[in-house]
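Working through the structure, step by step
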Amino acid sequence: MAINPDEAAKVAHLARIDVEESELDGIARELSGILGFMEQLNEVDVDGVEPMSAVTPMLLKRREDAVTSGGDASKVLSNAPETRQGFFVVPKVVE
């Protein structure tokens, strides 16, 4: 599948990337190459192949599910750059 410069400009706009007009031809070629590789991957026969999350089998480490006091709050808060009344102080992110 070939991507033209107009489609590359649309993708850049959707990705909120500022791209110069002179760069659109190169980006279109790169995107076409990526899509070509994806088409090659679609040709691979994967029938009977089990999905996997890693290339090596890994088991999660288990621990006893026990209720604890959570440790010493003063030790935890000692790592914070700023605390107030026993809590972390963080900058406001929502107006």
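Check the entry above for the structure.
Below, the structure is looked at part by part.

Rules behind the numbers
Residues numbered from 1 in each chain as written. Predicted model: local features only at pLDDT ≥ 70, side-chain atom pairs only at ≥ 80, totals over all residues. Heavy atoms only, no water. Helix = DSSP H or I, 4+ residues; strand = E, 2+ residues; numbered from the N terminus. Buried < 20%, exposed > 50% of the residue type's maximum accessible area, 1.4 Å probe, protein only. Areas by Shrake-Rupley, 256 points an atom, 1.4 Å probe, with all protein chains shown as cover. Axes fitted to C-alpha atoms, helices over the stretch in contact; angles between N-to-C directions. Parallel < 35°, antiparallel > 145°, perpendicular 65-115°, else oblique. Contact = heavy atoms within 4.5 Å. Nonpolar A, V, L, I, M, F, W, Y, C, P; charged D, E, K, R; others polar. Patch = residues over 30% accessible without salt bridge, like charges linked within 9 Å, V, L, I, M, F, W, Y side chains within 5 Å. Salt bridge = Lys/Arg side-chain N within 4 Å of Asp/Glu carboxyl O. Lys, Arg positive; Asp, Glu negative; His and termini not counted. Charge placed at Lys NZ, Arg CZ, Asp CG, Glu CD.

**Some points on the overall build of the protein**
- When helices and strands are tallied, the protein shows three helices and two strands.
- Start at the N end of the protein and walk to the C end: the helices and strands fall as α-α-α-β-β.
- In terms of its C-alpha atoms, the protein occupies a principal-axis envelope of roughly 60 × 45 × 20 Å.
- Relative to its 95 residues, the protein shows a buried fraction of 8%.
- Of the roughly 9400 Å² that the protein leaves accessible, carbon and sulfur atoms contribute 56%.

**Examining the packing of helix 1 (residues 5-14) against helix 2 (residues 24-42)**
- One can describe the packing of helix 1 onto helix 2 by two numbers: an axis separation of 8 Å at closest approach and a directional angle of 85 degrees. In this view, helix 1 runs roughly perpendicular relative to helix 2, as classed from their interaxial angle. For the pair helix 1 and helix 2, the contacting residues are P5, A8, A9 and V11 in the first and L24, D25, I27, A28 and L31 in the second.
- Tallied by class, the residues present in the contact of helix 1 with helix 2 amount to eight nonpolar, no polar and one charged.

**Thoughts on a negative patch on the surface**
- The grouping of D6, E7, D18, E20, E21, E23 and D25 at the surface amounts to a negative patch.
- Overall, the relative accessible area of 72% leaves D18 in the exposed class.

**Describing a nonpolar patch on the surface**
- On the surface, F37, L41, V44, V46 and V49 cluster together to form a nonpolar patch covering roughly 480 Å² of accessible area.
- By secondary structure assignment, the location of L41 is in helix 2.
- Accessibility expressed as a relative area gives 47% for L41, which makes it partly exposed.

**Some points on the environment of S32**
- Looking at the secondary structure, you find S32 in helix 2.
- Residues S32 and D65 lie 33 residues apart in sequence; the distance between their C-alpha atoms is 51 Å.
- When sequence neighbours within four positions are dropped, the list of residues in contact with S32 reads M1, A2 and I3.

**Side note on unusual backbone geometry**
- In this structure, R16 takes a positive phi of about 60 degrees despite not being glycine.
- The backbone phi angle of Q85 is positive, close to 55 degrees, even though this residue is not glycine.
- Structurally, Q85 can be placed in the loop between strand 1 (83-84) and strand 2 (87-88).
- Taking relative accessible area as the criterion, Q85 reaches 74% and is therefore assigned exposed.

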